[in-house]
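This is what each chain is made of:
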Amino acid sequence: MKPAPFDYIAPESVEEALAVLAEAGEDARILAGGQTLSPMLNMRLVEPAVLIDISRLPALDYIRRKNGHIEIGAAATQNALENWPELAAQAPLLAQALPHIGHFQTRNRGTVCGSLAFADPSAELPLCLALLGGEVVLQSASRQRVVKAADFQLGMLSTAREADEIISAARFPVAEAGAGYGFAEMALRHGDFALAAIAVKAGKTGVRIAIGGVADRPMVRNFPAGIEGAALDDALNDLAWDLAAADDPHATARYRRELVRRLGRKTVEEAKSCRV
Amino acid sequence: MPRLKAGEKSRISFKLNGRKVSGDAEPRLLLADFLRHEIGATGTHVGCEHGVCGACTVRLDGVAIRSCLTLAVQANGRRVDTVEGLAEEDGTLSRLQAAFRRNHALQCGFCTPGILMSLEDFLARGGEPDEGEIREMLSGHLCRCTGYSGMVRAVLEIVEEMHEEQNA
Ligand code: FES
Ligand code: FES
C-alpha cells in the first residue's frame, strides 16, 4: 500500500511540464488533484517513472466564461467549481451534479479535468460533458487540439489523449436559454460510484438524456421535445436495453435497467419542470 | 523545484500547527507517513490509504484533504494543521473537541482526528449547515464505533452557538 518509487517534478510553467512530458511520454503521469491517481499509486496499479505535478500552476488554475463556454483549467478543483459564484445560473446541471462527486474532502483536491482524464464510466463530470456536448483542450509541446466530448471518451478508462498531451482545459457549454436540466444518481452510499447516473437537458427543440455507470462510457440519446407518458417509458426501456448492462458485484444488469427506466423518467420530468 | 529523483531523499519543511518542522522524504513518501514517522506527529491516523476512510484528513493551507493521497513533497513550504494543534497548550479542549466530548461523538477515537480537521475547515466556511449538509460532509469519514448521531449533535450545537454569537 505504498507507491513504487518515482521521480517527482513540480514544473514552474506549462511549457516546462509539456517538455518533461514530451520526453517521458508513457512513463510519466500527470498529477493534478491526485484523488484517483494517488490511490492507484498506493495500490501499485500504476508505477510511473515520473510524476509531473501541475496542481500548483497558476496558469492552469482558473474558471472563466469564454465564447458560450465555461472553461475550466486543469488545476481547478471540483470544489472551486462548486463555489464559483456564477455556477447555478450558468451551469445548473453542474451545480446539481458536483455534490455527488466523492466527498467534501476529496472535492477539495480533485480536479475537473482529472475526472475527465480518468474517464470512469460512472463518473459525473464526463457524463455532464457528454450531455452538454462540451469539449476538452489537449495540449502537447508541439500542438494544441480541441476534441468534442463524444470523440474524447472512447471506452472504459480510455480517452483520445495521446501520451505527450495534457488536458489543459475542459469547456462546458453554458446553460441554454429556456432549457431545464436534471441530474440524479443511485449509489450504495453517498460518494460511492454510481450504479446509474442520469443527466437530462429538456430544451425547446428536444430532450437529451445521458446515462453513466451502465455502459463503458456515458451514452447520449435525443428524444422529441414533447415526449411524455407511455412514449417516454418506451423510449427509456429501449435505451435501457441498448446500453447492454452487465451483472457485476454491485448490481445486476436487470437492476441497472430498472434504474434507467425509473430514475430516467423522474429526471426527465424534473428537467422539463425546470424549463422556463 | 528541480526534479527529485526516485529513492533520493530531500529536505521537506513546513509549518505544522504554527511551528516549523523539517524532515527528509523521498518523492513517494505520503504526507500521512511523513507526519507520523518523520515528525512523530501520530495524532493523524491512517486507515485505508486510498482516500476512503478519512482518518488521515488534515488541513493543507487551511483546506481539509486526505494526507494519504498527498505526497510529503507537495506540502513543502506550506501550512499543515493536524489534530495536535486544536487544544490549548494547557490541554483545554477546542470548542469543537469539547462539543464532541459532551455529545459522546467518539468512542475509540480512531476516526476522530480526521473528522475534527474536516469540520474545522467545513465550519470555517461560514453559512449555517443543516443536518443534511452535515451528514453529507460526514459521509467522507468512516466511524466503526459510535455511528454519527453524536457527531451531528455536536456540530449542530456549535452551528447554533455561532449563530447566537453573530446575532449578539
Ligand atoms: S487513510 Fe487516508 S482516507 Fe483512509
Ligand atoms: S470512534 Fe471508533 S472509529 Fe469512530
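This one's a predicted model, so the numbers in the text were calculated from it and none came from an experiment. (Residues numbered from 1 in each chain as written. Chains lettered and ligands numbered in written order. Predicted model: local features only at pLDDT ≥ 70, side-chain atom pairs only at ≥ 80, totals over all residues. Heavy atoms only, no water.)

Re the sheet that holds strand E12 (residues 194-202) of chain A
All names here are of chain A. Strands sit in the order E11-E12-E13-E14 across an open sheet of four strands; the sheet is antiparallel. Each end of this open sheet is capped by a strand with a single partner; those strands are strand E11 (180-187) and strand E14 (219-224). The mean inter-strand angle of the sheet, taken between neighbouring strand axes irrespective of direction, is 15°. Looking at chain direction, E11 and E12 are connected through eight bridges and run antiparallel. From the neighbouring strand, Phe183 faces E12, where its bridge partner is Ala199. This element, helix H11 (residues 253-273), spans E11, E12 and strand E13 (206-212) of the sheet and lies at about 30° to E12. (Pairing = 2+ DSSP bridges. Helix = DSSP H or I, 4+ residues; strand = E, 2+ residues; numbered from the N terminus. Axes fitted to C-alpha atoms, helices over the stretch in contact; angles between N-to-C directions. Contact = heavy atoms within 4.5 Å.)

Describing the sheet that holds strand E2 (residues 19-25) of chain B
All names here are of chain B. The mixed open sheet is built from five strands, whose spatial order is E2-E1-E5-E3-E4. Strands at the two margins of the open sheet, each flanked by one partner only, are E2 and strand E4 (63-66). Strand-to-strand, the axes of this sheet are offset by a mean angle of 40°, without reference to chain direction. Note that strand E3 (residues 57-60) and strand E5 (residues 79-81) share two bridges and pair antiparallel. What sits directly across from Leu60, in E5, is Val80.

A short note on the nonpolar core
One finds Ile52, Leu94 and Phe172 of chain A to be the most contacted residues of the largest nonpolar core, which totals 56 residues. Each residue touching Ile52 of chain A, except ones within four places of it in the same chain, is listed here: Ile9, Pro11, Ala17, Val20, Leu21, Ala28, Arg29, Ile30 and Leu31 of chain A. The next biggest cluster of nonpolar side chains, apart from the first, holds 28 residues, and it includes Met40 of chain A together with Leu60, Ile65 and Ala72 of chain B. (Core = buried A, V, L, I, M, F, W, Y, C linked by side-chain atoms within 4.5 Å. Buried < 20%, exposed > 50% of the residue type's maximum accessible area, 1.4 Å probe, protein only.)

Here we look at the interface of chain A and chain B
The interface is formed by 37 residues belonging to chain A together with 38 residues belonging to chain B. In this assembly, chain A packs against chain B so that about 3,100 Å² is buried in total across both faces, 50% of it on carbon and sulfur atoms. Counting the surface chain A buries against chain B, the share from its top three residues, Tyr8, Gln105 and Arg109 of chain A, is 23%. For the interface between chain A and chain B, the tally reads four salt bridges. Across the pair Lys2 of chain A and Asp33 of chain B runs a salt bridge, and its minimum N-O distance is 2.5 Å. Inspection of the region where chain A meets chain B yields 22 residue pairs in polar contact (both at pLDDT 80 or more). (Buried area = accessible area lost by both parts, 1.4 Å probe. Salt bridge = Lys/Arg side-chain N within 4 Å of Asp/Glu carboxyl O. Polar contact = N/O pair within 3.5 Å; in protein donor to acceptor, adjacent residues only side chain to side chain.)

Details of the pattern of salt bridges
Under the counting rule described, the total for this entry stands at 33 salt bridges over all chains. Between Glu49 of chain B and Lys2 of chain A there is a salt bridge, with its nearest N and O atoms 2.3 Å apart. Of the two residues, Glu49 of chain B is situated in the loop between helix H1 (31-39) and E3 and Lys2 of chain A in the segment before strand E1 (7-9); the pairing between them involves two chains.

Comments concerning the packing of aromatic side chains
Inspection of every chain in the model, using the stated rule, returns two aromatic pairs over all chains. Ring centres 5.5 Å apart and planes at 85° place the aromatic pair Phe104 of chain A and Phe122 of chain B in the edge-to-face group. Here the residue Phe104 of chain A occupies a position in helix H6 (residues 104-107), and Phe122 of chain B occupies one in helix H3 (residues 112-124), the pair thus bridging two chains. Here Phe104 of chain A matches Phe122 of chain B in class, with each residue buried. (Phe/Tyr/Trp six-rings, centres within 6.5 Å; stacked < 30°, edge-to-face > 60°.)

Looking at the domain arrangement of chain A
According to the domain assignment, chain A contains domain 1 (7-53), domain 2 (58-173) and domain 3 (180-273). If you average the C-alpha positions of domain 1 of chain A and of domain 3 of chain A, the two centres end up 35 Å apart. (Domains from an automatic or database assignment.)

Remarks on the side chain of Gln97 of chain B
Residue and element names in this part refer to chain B. On the secondary structure map, Gln97 appears in helix H2 (residues 95-102). Within the local environment of Gln97, its side chain forms a polar contact with the backbone nitrogen of Ala87, the two atoms lying 3.5 Å apart. Residues contacting Gln97, with those up to four places away along its chain left out, are Val83, Leu86, Ala87 and Leu116.

Quick word on empty space enclosed by the protein
Sizing a probe to match a water molecule and rolling it over the atoms shows the empty space that remains. Residue and element names in this part refer to chain A. Under the counting rule described, the total for this entry stands at one cavity of 30 Å³ or more. Reported here for the largest cavity is a volume of approximately 30 Å³. As for the largest cavity, its lining consists of Gln90, Ala91, Pro92, Leu93, Leu94, Leu132, Pro173, Val174, Ala175 and Tyr181. With three residues, helix H5 (residues 92-97) is the largest single contributor of residues to the lining of the largest cavity. Class assignment of the residues belonging to the lining of the largest cavity gives a composition of nine nonpolar, one polar and no charged. (1 Å grid on protein atoms, 1.4 Å probe; cavity = no way out; pocket = protein on both sides within 12 Å on 5 of 7 lines; lining within 4 Å. Points joined across faces, edges and corners; volume = space filled by probe spheres on them. Nonpolar A, V, L, I, M, F, W, Y, C, P; charged D, E, K, R; others polar.)

Considerations on the pairing of E4 of chain B
Each regular strand carries side chains that alternate between the two faces of the sheet. Residue and element names in this part refer to chain B. Where E3 meets E4, four bridges bridge the pair, whose relative direction is antiparallel. Paired with Leu60 across the strands is Val63, a residue of E4. Turn length for the E3-E4 hairpin, with the two strands adjacent in sequence and antiparallel, is two residues, and the turn residue Asp61 shows positive phi of about 50°.

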